[in-house]
Amino acid sequence: MNVPARDPLGARFELSTPRGPVTIHRLDRVAERFGITLERLPFSIRILIESALRNCDEYQVSSADVERLARWSPTATEPVEIPFKPARVILQDFTGVPCVVDLAAMRDAVQRLGADARRINPLVPVDLVIDHSVQVDVFGSSLALEKNAEIEFERNRERYEFLRWGQKAFSNFRVVPPATGIVHQVNLEYLAQGVMTSPTADGGVVAYPDTLVGTDSHTTMINGLGVVGWGVGGIEAEAVMLGQPLYLVMPQVVGFKLSGRLREGVTATDLVLVVTQMLRKKGVVDKFVEFFGPGLSSMGIADRATIANMAPEYGATIGYFPVDAETLRYFERTNRSDQAQLVEAYYKAQGLFRTDATPDPEFSDTLELDLAQVEPSLAGPKRPQDRVALRDMKSAFRKGLTTSVKERGYGLGESDLARTVAIGSNGDPAVLAHGSVVIAAITSCTNTSNPSVMIGAGLVAKKAAALGLKPRSYVKTSLAPGSKVVTRYLEAAGLLAPLEAVGFDVVGYGCTTCIGNSGPLAEPIAQAITQGNLVAAAVLSGNRNFEGRVNPHTRANYLASPPLVVAYALAGTVDIDFETEPLGTSRDGKPVFLRDVWPSQQEIVTTLAAALKPEQFREEYGNVFDGNPRWNEIPVAGGDRYRWDATSTYIHEPPFFSTFGLEPAPVADIAGARVLVMVGDSVTTDHISPAGDIALDSPAGRWLKAQGVEKKDFNSYGSRRGNDLVMVRGTFANIRLKNLLVPGSEGNVTEHLPSGEKLAIFDASEKYRATATPLLVLAGKEYGSGSSRDWAAKGTLLLGVRAVLAESYERIHRSNLVGMGVLPLQYEAGHTAESLGLTGRETFDVGGLGGRLEPRQKVKVRAAREDGSVLEFNAIARLDTPVDVDYYKNGGILQTVLRGLVRS
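Owing to the predicted nature of the structure, the values given are computational and were not obtained by experimental measurement.

J.: Pulling in residues and values, what's your account of the pattern of salt bridges?
T.: A full pass over the atoms with the stated rule returns 64 salt bridges. Here Glu-603 makes a salt bridge to Lys-463, at a shortest N to O gap of 3.2 Å. Taken as a pair, Glu-603 in helix α22 (residues 601-611) and Lys-463 in helix α16 (residues 451-466) lie far apart in primary sequence, 140 residues in all. For Glu-603, a relative accessible area of 30% translates into the label partly exposed. Classification of Lys-463 as partly exposed rests on a relative accessible area of 25%. Across the pair Glu-766 and Arg-769 runs a salt bridge whose closest N-O atoms are separated by 3.1 Å.

Okay, structure coming up:
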């Protein structure tokens, strides 16, 4: 796409680089014009200024926007809206498929209005990496990789045919085939450019920082490479694809100072769990976090990326590391030396390059960590911010068994603690108890992108295998590298065979267990867990461990470094003190402790230096877009518009544009609404729209069965996000959802009012729809935390929910609700459902919507109780910006964009 040669602020400048002359938009000209000191600004804010400066057209982005950004203040409290036009978009297949489905549906809507369907096309580069569809069906076998890939293609053929169509039908759209790697690792190792270039309308070349948004919350991993980017909902991503700015409130920037070095035996995973706990406690939701201080110089890109990856878990929009010498070295090590030269020239010219002598920017707030204070840790058993020191694991697990469910425990009585169930698994009799590890998975972008922890896991396996140790027979072990390069360097180091020897065969290149694709447990093990009502455990090197996510049978889920995943697989339980209790017994009958197999830091460094080479990246990414024969064999349907198949259970034309017209319907007040679901604090998008197993007796399962789909072919909710008929039935279908309308319940159930009938949530919504009853959701704090899952908002809308009333929201989900035309309401400070005496059985009216809506306007809520009394209170309409208001009035972000495109 040609970039217009616009320059209203006189900032264009020709820069000589090793790649030839390029045009840049000089930040120092902005500093001169507005009389500000560039060095005082956080690096991440400087990147936003450059984007506004380069895109300034006095229409979508104005000179005033540039000035507002340039005058960023660490003490500002008034919300100021700013536009941001990312350079590119990245998708994964679970969230990417519905994006492409929506684009296809928008083409149909444009055609129906008499315009050219080809106007719907990505205007910025879009990459989709297929990484979320592979499941761990086969494990512990040299055939696991091939078999799981075969099953993946069988299950997902309809989706893959659709994506192949999209790859041909849309310009500016590339697809990385399955069995390549995890989206964020592929982004880090290959797709990211650091500096991007585009032709200009006057025949030149413009250079600018690589920035992006992605439809996965862990898009932030790229912040470790100095690239500003974060996760958004699919609907926001689609708007960015179509050339629209992303609007956000000027962020506060929290500076996180790092000093010192990690101690011997401490991993980057241990560090990130400490950082996550500290920042979650600090409170950084909707804020930027920027890392600074002398500790950065001792930290490689892989470790930075591990920390940046977890930004959704600590709640920040980004966790940013500025570009420095280590960034250049990473580009060189990953076979991008030419790119390193351009990055160095550009970032130094723009005052964006960090050195140890760089003055510390001014921040809205700061906190500090001495890396030497970090100790080995895990996180769990239910949330990623709940760090547990390794030395405390046994006592913490045992305490959690009897802690109340309300306090994130399991509520067991003393008489329940000794329960065990004997099993015979793989010819090896064993006993399952509370804490038995039934899943041990080296998985997810967070850690498989980091060679030091992967080499560490291999060395633990090598030492353990040499002593004759093996995992217990009931442990489902898996190794899912984030890219093929990982397999290459593990093999070069002589560590792949030892990992296989202790059960960690490569099962696939994708997210697998971390996204909920752990696959089924062996039936005897699943039955034993159910029979004994056991709190079985999973240990994974992932980033998410919310209830019901990893596997329906693992109630305790712990995040850990890859070396610890191997250790817990060998031990077979989390109910162990590694300091005093052995992992197992060697061939000669001697106890083997964790310290006996744990590698030194020098061992890891030496092994890594010998095994990891730039040519591995060149060879594995050389034909990344067409190197999968199975993918290439999929037939491609032609045409600018997709030919919808009414019999497909994977791809279905969504109803969002079925009645679309050029003029939006007037916004109306909400009258006579009933509560569909009432929940407490920390309800995640996994609770709202699960990605994992589809239960046979659920509304979605019943619908699939009625279409002739057998249970073995149900696949997952995540894989069926291209079909709204499945996804609406799966909304609020998480098996661990606690709907307070049905006290003591767990799972997909609600009470229909006023009949009192207990129904599945979808079935209740249909009953309300029959009487034209609008619906609400009542929630506590941090509603919608976790993944940037657009279906958590889409499904909410399709259930008939007009508004959500919560104490607070996670950033992405609030935005997604607005983007789908669902009103996010927030209690005023000091108010909660409990303090107001709300039970969810009331009938609600929400007034003041039909007039002149303003950002964060107060609205009147009237709740009529069953006894006839009435409660009135104010709530804040979380339409945070004027653009949010426009989106809401238009019925959503896509409708707003579509009307603009058709009218232009």
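Still more ground to cover, so stick around.
J.: Could you give me a rundown of the packing of aromatic side chains, with the residues and numbers involved?
T.: Counting across every chain of the model gives 20 aromatic pairs. Arranged with centres 4.9 Å apart and planes meeting at 5°, the rings of Tyr-190 and Tyr-621 form a pair that is stacked. In this pair, Tyr-190 is assigned in helix α7 (residues 183-191) and Tyr-621 in helix α23 (residues 614-621), connecting sequence segments 431 residues apart. Note on Tyr-190: relative accessible area 27%, which makes it partly exposed. Classification of Tyr-621 by relative accessible area gives buried; the value is 5%. Each residue in the set Phe-162, Trp-165, Phe-170, Tyr-642 and Trp-644 is aromatic and connected to the rest through ring pairs, giving one cluster. Between Arg-720 and the ring centre of Tyr-650, over which it is positioned, the NZ or CZ distance is 3.9 Å.

J.: Which residues make up the sheet that holds strand β5 (residues 126-129), and what values go with them?
T.: Read from one edge of the open sheet, five strands run β6-β5-β4-β9-β10, paired in parallel fashion. Strand pairing shows two members of the sheet lacking a second neighbour, β6 (173-176) and β10 (228-231), which therefore form its edges. With strand direction ignored, the average angle separating the axes of adjacent strands in the sheet is 20°. Judged from the three bridges that link them, strand β4 (residues 88-92) and strand β9 (residues 211-214) form a sheet pairing that is parallel. Counterpart to Val-89 in the pairing with β9 is Val-213. Contacting β4, β5, β6 and β9, α7 runs over the sheet at an angle of about 140° to β4. Sheet strands touched by helix α8 (residues 234-241): β4, β5 and β9. Its angle to β4, the strand with the most contacts, is close to 145°.

J.: Please provide a residue-by-residue account of the domain arrangement of the protein chain, values included.
T.: Examined at the domain level, the protein chain breaks down into domain 1 (88-373), domain 2 (377-612) and domain 3 (670-903). Using C-alpha coordinates to define each centre, domain 1 is positioned 28 Å away from domain 2. Across the boundary between the two partners, domain 1 contributes 45 residues, which contact 50 residues of domain 2. Across the pair Glu-313 and Arg-544 runs a salt bridge, and its minimum N-O distance is 2.3 Å. The interface formed by domain 1 and domain 2 includes 25 residue pairs in polar contact (both at pLDDT 80 or more). Those elements giving two or more residues to the side of domain 1 that touches domain 2 turn out to be α5 (144-155), α7, α9 (268-282), α10 (301-309) and α11 (311-314). Counting residues per element, the side of domain 1 that touches domain 2 draws most heavily on α9, which supplies eight residues.

Parameters at a glance
Residues numbered from 1 in each chain as written. Predicted model: local features only at pLDDT ≥ 70, side-chain atom pairs only at ≥ 80, totals over all residues. Heavy atoms only, no water. Salt bridge = Lys/Arg side-chain N within 4 Å of Asp/Glu carboxyl O. Helix = DSSP H or I, 4+ residues; strand = E, 2+ residues; numbered from the N terminus. Buried < 20%, exposed > 50% of the residue type's maximum accessible area, 1.4 Å probe, protein only. Phe/Tyr/Trp six-rings, centres within 6.5 Å; stacked < 30°, edge-to-face > 60°. Lys NZ or Arg CZ within 6 Å of the ring centre and 35° of its normal. Pairing = 2+ DSSP bridges. Axes fitted to C-alpha atoms, helices over the stretch in contact; angles between N-to-C directions. Contact = heavy atoms within 4.5 Å. Domains from an automatic or database assignment. Polar contact = N/O pair within 3.5 Å; in protein donor to acceptor, adjacent residues only side chain to side chain.

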